[in-house]
Every structure is written in C-alpha cells, then in structure tokens.
Amino acid sequence: MNNIIIKTYPAPPINKKEVLRYAGGGNDDNTLKLLEECIKEISNALTYKVCYCELSSKTNKDICDFDIFQVKSQNLATNLKDCNKVIVMGATVGITLDRLIAKYSRISPAKALILQALGAERIEALCDTFCEDIKKSLKITLKPRFSAGYGDLPLDTQNSIFTLLNLPKNIGLTLNDSMLMSPSKSVTAFIGIQEV
Amino acid sequence: MNFKKYLQENVVYLDGGMGTLLQANGLKPGELPELWNITHPDVITKIHTDYFNAGSNVVCTNTFGANSLKFDDKQLEDIIMSAVFNAKNATTKSDGSQEKFVALDIGPTGKLLKPLGDLDFEDAVSVFAKTVKLGVKYGVDLVIIETMNDSYETKAALLAVKENCDLPVIVSNAYGADGKLMTGATPAAMVALLEGMGADAIGANCSLGPKQLRVVAEELLKNASIPVILKPNAGLPKSVDGKTVFDITIDEFADELADIIKLGVRVAGGCCGTTPNYIKALTEKTKSFSPVALCDKNLTVVSSYTHAVKFDKSPILIGERINPTGKKRFKQALIENDIDYILTEGVNQQEKGVHILDVNVGLPDIDETAMLKSAVCELQAIIDLPLQIDTADITAMETALRRYNGKAMINSVNGKKESMEAIFPLVKKYGGVVVALTLDENGIPTTANERVVIAKNILATASEYGIDKKDIVFDTLAMTISADSSAARATLDALHTIKTQLGCHTSLGVSNVSFGLPNRDAVNSTFFAMALSNGLSAAIMNPYSAEMMKTYYTFNALNNLDENCANYIAHADDFATTVQATTPVKAELNCSSDLQHAIIKGFKDKAAELTKQLLANTKPLDIVNGDIIPALNTVGIGFENKTVYLPQLLMSAEAAKSAFEVIKSSVTTDNSKSDKATIIIATVHGDIHDIGKNIVKLLLQNYGFNVIDLGKDVTADTIAQNAIKHKANIVCLSALMTTTVPAMQETIDLIKEKAPHCKTIVGGAVLTQEYADKIGADKYAKDAMEAVRYAEEIIAR
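Thresholds applied
Chains are numbered independently. Their residues run from 1 in the order of the written sequence. Labels follow written order: the first chain is A, the first ligand is 1, and so on. In keeping with the predicted nature of the model, local features appear solely for residues at pLDDT of at least 70, side-chain atom pairs appear and are counted solely at 80 or more, and the whole-chain, interface and lining totals rest on all residues. For side-chain calculations, the full set of non-hydrogen atoms in the structure is used, while hydrogens and water are omitted. Secondary structure elements follow DSSP: runs of H or I no shorter than four residues count as helices, runs of E no shorter than two count as strands, and numbering proceeds from the N terminus. Each radius of gyration is computed over the set of C-alpha atoms, and the globule rule expresses the reference value as 2.2 Å times the number of residues to the power 0.38. Accessibility here uses a 1.4 Å probe with only protein chains present; expressed as a share of the type maximum, an area under 20% marks a residue as buried, one over 50% as exposed, and anything in between as partly exposed. Two residues form a contact once any of their heavy atoms are found within 4.5 Å. Note that accessible areas follow from Shrake-Rupley with a 1.4 Å probe, and for residues the cover is restricted to the protein chains shown. Positive charges come from Lys and Arg, negative ones from Asp and Glu, while His and the chain ends are left out of the count. To locate a charge, take atom NZ for lysine, CZ for arginine, CG for aspartate or CD for glutamate. Here, strands pair whenever DSSP counts at least two bridges between them. To define axes, lines are fitted to C-alpha atoms, for helices over the stretch in contact only, and angles between the resulting N-to-C directions are given on a 0 to 180 degree scale. Reported buried area values correspond to the accessible surface (1.4 Å probe) lost by two parts on association, with both partners' losses combined. By convention in these notes, a salt bridge is any Lys or Arg side-chain nitrogen within 4 Å of a carboxyl oxygen on Asp or Glu. For the purposes of these results, a polar contact is taken to be a pair of N or O atoms within 3.5 Å, where, inside protein, one atom must be able to donate a hydrogen and its partner to accept one; residues adjacent in sequence count only when each atom of the pair is a side-chain atom. Classification used: nonpolar for Ala, Val, Leu, Ile, Met, Phe, Trp, Tyr, Cys and Pro, charged for Asp, Glu, Lys and Arg, polar for all others including Gly. Only the six-membered ring of Trp is used, alongside the rings of Phe and Tyr, when aromatic pairs are assigned; centres must lie within 6.5 Å, and planes under 30 degrees apart are stacked while those over 60 apart are edge-to-face, with the rest tilted. Whether a charge sits over a ring comes down to the Lys NZ or Arg CZ being within 6 Å of the ring centre and within 35 degrees of the ring normal. Grid points spaced at 1 Å and placed over the protein atoms alone form the basis of the search, with a cavity being a set where a 1.4 Å probe fits but cannot get out and a pocket an open set showing protein on both sides within 12 Å along at least five of seven lines. Lining residues have an atom within 4 Å of a point. Grid points are joined across faces, edges and corners, and a volume is the space filled by probe spheres set on the points. An automatic or database domain assignment supplies the residue ranges for each domain. The directions considered for the arc are those from the helix axis to the C-beta atoms. Classification remark: right-handed applies to a crossover when, strands pointing away from the viewer, the course from the first strand over the helix to the second runs clockwise. Roughly parallel covers angles under 35 degrees, roughly antiparallel covers those over 145, roughly perpendicular covers 65 to 115, and oblique covers all other angles. Nonpolar cores are built from buried Ala, Val, Leu, Ile, Met, Phe, Trp, Tyr and Cys residues. Side-chain atoms within 4.5 Å join them into one set. Between the first and last residue of a helix there are one fewer steps than residues, each counted as 1.5 Å, and that sum is the expected span. Each crossing gets its handedness from the near helix: less than a right angle anticlockwise from the far helix is left-handed, clockwise is right-handed.

Caption draft 1: Summary view of the overall build of chain B. Secondary structure assignment for chain B yields 30 helices and 25 strands. In terms of C-alpha radius of gyration, chain B reaches 30 Å, essentially the compact-globule figure of 28 Å for 797 residues. Across its three principal directions, the C-alpha atoms of chain B cover 90 × 75 × 50 Å. Counting the 797 residues in chain B, one finds 57% classified as buried. Within chain B, contacts between residues at least 6 apart in sequence are counted, and of these 74% link residues at least 24 apart. Looking at chain B as shown, the accessible area adds up to about 32100 Å², and 52% of this sits on carbon and sulfur atoms. Charged side chains of chain B number 77 positive and 96 negative; the gap between the two group centres comes to 0 Å.

The structure is reproduced here in structure tokens:
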C-alpha cells in the first residue's frame, strides 16, 4: 500500500485500424503509405512508462476518500462503489513524439495528423497493457479507467495525482497551468480494484 | 578549505538518498519533503550527520523541490533558511574529520519548458534565481543542480547560479536507460553545454544503478575536461510484496562505483535507495585511491539539445541557406514573418546532410533581435542540428545565445578591439565556439602572413577573457577571384598556417570565392576541395549544390574518412539524379490536368515539378485558377461528401502548397500577392495544441487567403492588436480544452470591442455550436473546409 512503482513496457503491437480511425478515416494507398512512414519514424522514439500506486478507497455519497487525499465527484464515486482499493496511475509515451508532431505540423500537416493519431493509439495501448499486467499479476479485475475531466471529476484533481506520484521526476510527465500534460500523449487515471 | 581547490586535488564524496530515509521516518506519499526542514529539523539534521559520519564531504540541503512555483516567498525563505541551518548544524555535530561542505540542492521545477511545456525559459531562470539567492544568503558553500532530465532547464538553472553568485556549482543530470536525457541530450551534448557555461563538475545521478550508468560515466569522462560526478541509485527498483526494493547489495554498489572511480570519476555519492551505509562502504572501499588526474580533452565542439558535433578530421558542413542575402523569396518570408518558410529551409538542409545550420535573419527594416530569437526558438523546437548564430547586432546575438538550447557556434568576432570587447564576454558567459575573421581596424590584409598575425592577436585577447583556443575557429576570408586573381591563394595559405602552426580549427564561407563569375558551382567546389586539402575544418556552404556535396563525399572517401566508401556509395545516386534533372524534360504530357491529378492524389514533389513546367508558358494566375483551385475544390467537395478523408485532404493541401510555393518564388513582381481577405489565426491563451489550427491555416492559404498565424497560447490582447494592425477581416480561434474556452470568450469580447469589423470563427475538439453561440462567435466551423466556405462567403458579401 502507498508504495509508488515505476514500470517500463516493451512497445505493444500497433493497431493500424485504430490509428486510422483517430486520424479521421481513409485507407487508400497514400494514407497507408504515410502511416507506414510514421510508424517507421517513431519506432525508436517512444518510451512506454507507467507510474502507479495503490490506495485504499471509500466512497460516501459524492466523496471519494483515498486516505491520503479526497476527491468530490459523484461519477467517480459511482465508478468506485464496490472497490476497497484503487490504483492511481500516470502513463506516457514520452516527449520525442511531441517534437515530431511539432515538426510536421509546420512542414507536413498530413503527417502531423497521422502522428497525432498514432500517439493516441499508442498511449491507449500502453494503458491497456498496464491494466492487463496488473490484472494478471494481482489476480484481480479492474474497473474502467477514470480520468480527471471525465464527468464531474474536476480537472484540478490532476494536482493531487501529480503530487502523489511525483510524475515529473518518476516518468518525466509534467502538468502545465491549464492542466494540460506534457508529453501530450499521456494519461492519468483512477482504476478501481475488484478482488476476485 | 575552498571547495574548488579541494575538488582539484581529491575524490569528493557526496551524500546518498534523502527521500527513502524520510519515508522511513514517516513522510507520506504526496507530502512535501522540503517542509520537513521546518517541521522535523531533528530528523533532517540527523540524516545529514549520518552522511558526514559515513564519510561524505558534501551534504545536499533538503531543498530538491524548494522553488517559487511550489512555495510562496515567505515559505521558501523559511524552508531554505532551515534547510541550510540543518545541514550546517550537521557539519559541527558529525565527528568525521574529513573536509565538510554544504551544497544548496536544486532539483527540476517539475514543469516542462516552452515550447514543449508552458514554462518560459526566462521564467525558469527567475525561479531558480530566487532559490540561489536564498541559499547564498544563508551561507552554503556550493550549489548542486541535480536530477535534471532536460538540457534546457539545466541551462536555465546554471545561468541562474552564474548570474547570482560566485559559488562553485556542480551539475548532474538524470539519464535514462538509453543513455540520454528525457528530452534527448547525450552525455557529450551536456558536457559541451555545461562545460561551455563554466560548471565546476558535471555528471549523472538518479534513475539507474551504477551498473547501468557506467556507460554514461564513460561517455562523460571521454568528453569532459572538468571533474565528472556519479551519484547512482541503489540499483534498479523492483516490487517485492508491494514494496519497492533495489536490486543490488551495499557491497555490490560500492564495488561498482569503486571501479568507475578508477576510470576517473572524481565526485561520487548515491541517490534513491542509498543510505549512509552505502556511502560508508563506498568511502572505505576507495579511501586508498589516488584521484585520476584531470586532463584537457582539447575538443572543439558545439551542441544541440540532442547531440554534440565535434570538429575533427572529417569536414563539417554548415548550411548557409537561412540567410536573406540575395534571396528574394527569403526576404519576403522575413517581412511577412513567415517562420514556416525558414523552418522548411532548415529541414531541407538537414535532409541534404549538413551538420550545423547558420541562422541569419538580418534585414534593414525588421526587428532583428525579435526575429532572431524567434527563428532560433522555432528552429530548435523541431530540428536537432546545432545552430550557428550569425548576426552583427550584439543585442540580437546575446538574446539568441541566451535562448539557445546547447552550445552554439557564434558568427562572428574579428580582430577589431570593439568586436572582441563585445563578443568575448558573451562566449565566456553562454559558452560557444566563435568564428574569428582575420580582419581588423585596417581591413582585410592581402597577404596570408598578415592574416595569421591578426589570428595570433585574437587568440591572445581571447585568453585574457579565459577563452581557450579550442573554442575559436578561424575564417581566413574567401574573397572573389574575379576581382583579384591572387585572392584564393592568400586565403588558402593563411588557412594552412593557422591549422598547422597555431593548431586551430578553420572555417570558410566558400561561395564568396566565385562572386561575379559564371558557373559558380564549378569554382566553388574546386576551391572547397583545395581548402579541405589545406586544412579546412568546416565550410559555410550551399548543401543544395550537387557539386559541393560531391566534393564533400569524395574528399572523405579519398581521405580514409569514409569506411568502405559507404557514404560515397549511398549518395552517388543523388549526384546521378541531379545530372539527369538538369537535362530538359520534355513537356509532352498534358501538364494542366496532370497538375490537378497530382494535387488530388497528394503528390507533393510531382505537383511542384509540374507547376515549374507549366510556368514556362502559362500565367501564374491561370495556373492557380485553372488547376490548383479546381483540384482543391474536387478534394474539398469529396471531403464534405465523406468520400475523401482528412489525411487525404491534407496531403492534397500540401501538394497544392508546394505548387503555390513554386509560383511564389517565380513571380518577380508583387501581383501574386493575394487581394483576398486577411485572416488571423491562433490557439487561445493557455492552450498549446495547434494541429487543428495548422490544418485550417493550410487550407485557408490554399484558397488564397492572406493568413497571419500568431501561434499557440496567444493572449486576447495580442490577437486583438494584430486584428487592428493587419485590418483583418476574420479571426480564427482554436481551443482544445474546456478550461481554455473562457480564454476564447475573452478574446472574442475584446475583438468585438476593439475591432468590431472582424468576424470570428471558432473551432477545436471541445467546441460545439452551442458553446460557440454562448461565447458569441460569428461562426462555429466543425472542420477546416467549413472555415474555408465561411471565409469565402464573407468575402463574397
């Protein structure tokens, strides 16, 4: 309990269909060629890092009490209703992708769009990999990931998550004044634990 | 004893981890450890004392996160005062007889700097400056900057130390398993940057154990002329029964580190997971070691935020294309503040294989300081090549050097007293390799000998400023042979003498030699070959010239600088294609409909090539109206009917843009300039996402609108001011997050007040028609095409 763990994963397989869906569709030869080009370009550019911590969880009406801090949110409370424990996690695929997106958005918006979509697919794939890993190793089932900004869970919950997990130091994930994360392809979330 | 002196003569032992010990004493996750200086001074003092008792020479104050972003002024002062007091208290409490020092500990702010994050470089300097001043006030002996995972933030911290005290400062970065910082810098790049700025020791700490950091330490030792620090974790963390434990024992830690000290590391300690017992084992194991002597590596090196470029046997190519001299299209880009054009020149030169980019944006009618700063910041955001800052304006030079994320090449100083007095202090403060022109108050000497005399004078003056000759590269000034047929010889002879007798590296602006002659490429490339044979280290040159690149690859192959001629062979085909391209292409195809086809299919290069051919006998405006616009319309309608998808729409838009670019650079008079509406586009304050904005901009440009892009995170005030200044017809605003919609509203309100003639279009992931109505926007555009259609409608009215 309360112990902060950092994990690095190998790259999960890429779901190209999902990337194209994020990019707004299209599977003509030109788009596919561009996608392959982007996949090649990011092949050594991404890191797959997760930092997490297990906390106790109690809910009372719209208050979620994690012992170390509390959050007021009816939606999260509903999500965590049957859970005594919760995982608080931060994940990122790293800053290099942001540089590539910045570069191509200046010289090739089409490529920037595909990279953006690829990044979205990558970070989701990382989160899925992490959840599968936790489920297997702890022999538990998990509730869906719930992030700050979903429903009535205030965005500034990010402050608590960042302080708890020390994300800048642990995985190089930072928060700006508007609660946006850098690297941009990153996720923080609460995940309710259901003991099997 | 003075720390600097002690460091020169001994292996210095730092302390070990603090966080682990605080947690053992009851610090909760999420609790701020810095506050414990005030609430638990006895615990903190005890930990420091234990480290001194274990043999540490230096303990670091418990101020890792003590900065003004996390604490208010009063709290910050209390924390630092208590922290220094606790550490000093430990120096007297410990019974260890070794030399003891207290270091002000500075960790990262936890924010990422612009452009990737939202913390401005100068704001970061100010944040660190506050911490430094307080540390100095309460009497620390030195400063340690540590666990920095970004080169730019490291620079900001070191600059803050240097500008606010004379204390010794040692700097340590957190390298990942790939041997690089999180933002990409290699150890060699960090050595270039930090040694250039005058750090007293540099190194690595945290993130990995001694075994994994050994490679990093070796790289640092290979490149640094100053002491190297290693302060690793107690191995790699692993989770056992829900607890984090490290994977090596105290003895293994000490053995590993002892081995690395034998290699030459001069400052050693531990980071996360290490305790006084680790330090004790380390000091006992190594106390009999005599420190490995420091030696000057004598490297001439510049760096970017990712890598170092060393001046060595293989010549260095410095791309000359970011320079308005004699380039009409470039001048136009500068006047229009078209940064994308400059960036494209940078990317293209990188693709051609240059190692450094020269950046010159001087024009009589523009604010060079602002332009140079913006060009440097934008270039280093997307291109990882070192930059050569090229300006005669000292204020512009300093502004650019300050913001530069690395050790820059500085172009230039010369033998005039005034020039040296202005430039050398900047080289000393910010680091850099400076190009020194062999001219002085009497102009450019005609003979080689006189140029060498000037070079010697420059070296002597530089050394008075503490600048070593390794940081000076001489340019013996290529002059055109069309005016004086002995000019090239004098340049080459001076070059040869400076390289062989003064032992300095050299550089030349090669292309000058052929000024006024026909077929300049032939003269340039032959002169380039001759200069290389005479010891030229670097050339400022045109990488688009196939002749020059041929000379470069051939010279390397012939000089045993290209193993198996691999590079030559890899590029031999390029030379062949260039030759082919110069033979006229028969225009027997139906270029007009081909151009439309190329744009619809999104073939960038083909669209540009076909436009070039069409221009031979078609008016530019006819190409635009007859081919480009109809092609764009086909794609646009397809997109609206959902038969064409966004990636395809963008590829077509890029192809159209490349066709426009050809037209723009071919048109000599100004009649290409759009008489269509002026549109201002920006991502609103607080939001740093710009991909959607860039898509809309590209399409609007394609349809001939005069688009002024203000970038991202732009304040309402700036947008309104520009709307007035440019008499804009439309302002397009983008926002991605609900939190930044209020900024959008504020902007719209201000535009309505200050520039009521302006229509507003809003878009972005978070927006809906409902939101748009609520904040009073004239139009909500769900995608780029809708913005184009609305803009056309406004113009038609």
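Caption draft 2: Looking closely at the sheet that holds strand E24 (residues 759-763) of chain B. Residues and elements named next belong to chain B. With parallel pairing, five strands are arranged side by side in an open sheet as E22-E21-E23-E24-E25. Each having just a single partner strand, strand E22 (706-709) and strand E25 (779-780) make up the two edges of the open sheet. Pairing of strand E21 (residues 678-683) with E22, which is carried by four bridges, proceeds in the parallel orientation. Across the sheet, the residue bridging to threonine 678 is asparagine 706, located in E22.

Caption draft 3: Quick peek at the sheet that holds strand E3 (residues 58-60) of chain A. Residues and elements named next belong to chain A. Within the open sheet, the three strands sit side by side as E3-E4-E5. Their pairing is antiparallel. Only two strands of the sheet have a single partner each, and these edge strands are E3 and strand E5 (70-72). With strand direction ignored, the average angle separating the axes of adjacent strands in the sheet is 20°. Pairing analysis gives three bridges linking strand E4 (residues 63-65) to E5, with the strands arranged antiparallel. Looking at E5, one finds that isoleucine 63 is bridged to lysine 72.

Caption draft 4: Structural detail: the interface of chain A and chain B. Listed per partner, the contact involves 45 residues of chain A and 53 residues of chain B. When the two sides are added together, the surface that chain A and chain B hide from each other amounts to roughly 4200 Å², 61% of it contributed by carbon and sulfur. Among the residues chain A hides against chain B, the three largest losses belong to Arg99(A), Arg106(A) and Leu180(A). Together they make up 19% of the total. Summed over the shared surface of chain A and chain B, the number is three salt bridges. For Glu378(B), the salt bridge is made with Arg106(A), and the minimal N-O distance between the two is 2.7 Å. On inspection of chain A and its partner chain B, the count reaches 14 residue pairs in polar contact (both at pLDDT 80 or more). Taken together, the elements giving at least two residues each to the side of chain A that touches chain B come down to helix H2 (29-42), helix H4 (96-107), helix H5 (109-138), helix H6 (157-165), helix H7 (167-171) and strand E8 (174-175) of chain A. Here the side of chain A that touches chain B is composed, by residue class, of 20 nonpolar, 17 polar and eight charged.

Caption draft 5: Region of the structure containing the packing of aromatic side chains. Taken as a whole, this structure holds twelve aromatic pairs over all chains when the rule is applied. Arranged with centres 4.7 Å apart and planes meeting at 25°, the rings of Phe121(B) and Tyr152(B) form a pair that is stacked. Taken together, the residues span a long stretch of sequence, with Phe121(B) in helix H6 (residues 121-137) and Tyr152(B) in helix H7 (residues 151-164) at a distance of 31 residues. Just as Phe121(B) is buried, Tyr152(B) falls in that class too. The cationic tip of Arg99(A) hangs over the ring face of Tyr305(B); the distance from NZ or CZ to the ring centre is 3.6 Å.

Caption draft 6: The pattern of salt bridges, seen in detail. What the rule picks out here adds up to 46 salt bridges over all chains. The residue Glu218(B) makes a salt bridge to Arg214(B) at a minimum N-O spacing of 3.3 Å. Of the two residues, Glu218(B) and Arg214(B) are both situated in helix H9 (residues 210-223); the distance of four residues between them amounts to about one turn of the helix. Two residues, Glu661(B) and Arg329(B), come together in a salt bridge whose shortest N-O distance is 2.7 Å. Taken together, the positions of Glu661(B) in helix H25 (residues 646-666) and Arg329(B) in helix H12 (residues 328-335) put the pair 332 residues apart, joining distant regions of the chain. The partly exposed category is assigned to Glu661(B), whose relative accessible area is 25%. One network of salt bridges, in which partners are shared, links Arg106(A), Asp340(B), Glu378(B), Lys693(B), Lys697(B) and Asp709(B).

Caption draft 7: Here's a closer look at empty space enclosed by the protein. Residue and element names in this part refer to chain B. For the structure shown, the criterion picks out one cavity of 30 Å³ or more. Of the volumes computed, that of the largest cavity is approximately 30 Å³. Lining the largest cavity are Ser151, Ala185, Ala189, Met190, Leu193, Ser303, Ser304, Tyr305, Asn405 and Gly406. Of all the elements, helix H8 (residues 187-196) adds the most residues to the lining of the largest cavity, at three residues.

Caption draft 8: Main features of the domain arrangement of chain B. Domain assignment breaks chain B into domain 1 (3-286), domain 2 (301-544), domain 3 (546-574), domain 4 (591-670) and domain 5 (674-796). Here the C-alpha centre of domain 4 of chain B lies 38 Å away from the C-alpha centre of domain 2 of chain B.

Caption draft 9: Focus on H6(A). All names here are of chain A. Within H6, the full set of buried residues consists of Thr157, Gln158, Ile161, Phe162, Leu164 and Leu165. Around the axis of H6, the buried residues are gathered within 165° of arc, so they sit on the same side. After H6 finishes, the residue asparagine 166 shows a positive phi value of roughly 45°.

Caption draft 10: Here's a closer look at the environment of Gln332(B). Within the secondary structure layout, Gln332(B) lies in helix H12. Separated by 332 residues in the primary sequence, Gln332(B) and Lys664(B) have C-alpha atoms spaced 9.9 Å apart.

Caption draft 11: Structural view of the pairing of strand E16 (residues 409-414) of chain B. Residues and elements named next belong to chain B. Counted residue by residue, E16 has six buried out of six residues, so it is predominantly covered. As paired strands, strand E15 (residues 387-390) and E16 are joined by three bridges and run parallel to one another. Paired with glutamine 388 across the strands is methionine 409, a residue of E16. The handedness of the E15 to E16 crossover, carried by helix H15 (residues 394-403), is right-handed. Sheet topology places E16 next to strand E17 (residues 433-437); five bridges connect them, and they run parallel. For asparagine 411, the partnering residue across the bridge sits in E17 and is valine 435. Handedness of the E16-helix H16 (residues 417-430)-E17 crossover: right-handed.

Caption draft 12: Representation of the packing of H15(B) against H16(B). Residues and elements named next belong to chain B. Two elements in contact, H15 and H16, have axes whose closest approach is 11 Å; the angle formed by their N-to-C orientations is 5°. Considered as vectors, H15 and H16 are oriented roughly parallel to each other. Residues Ile394, Met397, Glu398, Leu401 and Arg402 of H15 touch H16, and the partners they reach there are Ala422, Ile423, Leu426, Lys429 and Tyr430. For the contact of H15 with H16, a count of residues per class yields seven nonpolar, no polar and three charged.

Caption draft 13: A look at the nonpolar core. Ile106(B), Ile145(B), Ile389(B), Phe424(B), Phe474(B) and Phe528(B) are the most contacted members of the largest nonpolar core, which has 158 residues in total. Beyond its immediate chain neighbours, meaning those up to four positions away, Phe474(B) contacts Ala436(B), Thr438(B), Ala455(B), Ile458(B), Leu459(B), Ile498(B), Cys504(B), His505(B), Thr506(B) and Ser507(B). Of all hydrophobic cores here, the second largest spans 91 residues; its members include Val19(A), Ala677(B), Val707(B) and Tyr790(B).

Caption draft 14: Inspection of H25(B) at higher detail. The terminal C-alpha atoms of H25(B) lie 30 Å apart, and with 21 residues this matches the ideal 30 Å at 1.5 Å per residue to within 8%. Extensive coverage of H25(B) is indicated by the burial of 16 of its 21 residues.

Caption draft 15: Structural context of unusual backbone geometry. A cis amide bond links Ser182(A) to the next residue, Pro183(A), at an omega of -5°. Topologically, Pro183(A) is positioned in the loop between strand E9 (181-182) and strand E10 (186-195). In this structure, the amide linkage connecting Lys114(B) to the following residue, Pro115(B), adopts the cis form with an omega of 5°. Structurally, Pro115(B) can be placed in the loop between strand E3 (101-106) and H6.

Caption draft 16: Region of the structure containing the packing of H4(A) against helix H13 (residues 339-352) of chain B. The contact between H4(A) and H13(B) brings their axes to 9 Å, and the two run at 115°. In terms of their interaxial angle, H4(A) and H13(B) are classed as roughly perpendicular. Of the two elements, H4(A) crosses H13(B), and the hand of that crossing is left-handed. Judged by residue contacts, Lys103(A), Arg106(A) and Ile107(A) of H4(A) engage Ile339(B), Asp340(B), Leu343(B), Thr344(B), Val347(B) and Gln350(B) from H13(B). When grouped by side-chain class, the residues that make up the contact of H4(A) with H13(B) number four nonpolar, two polar and three charged.

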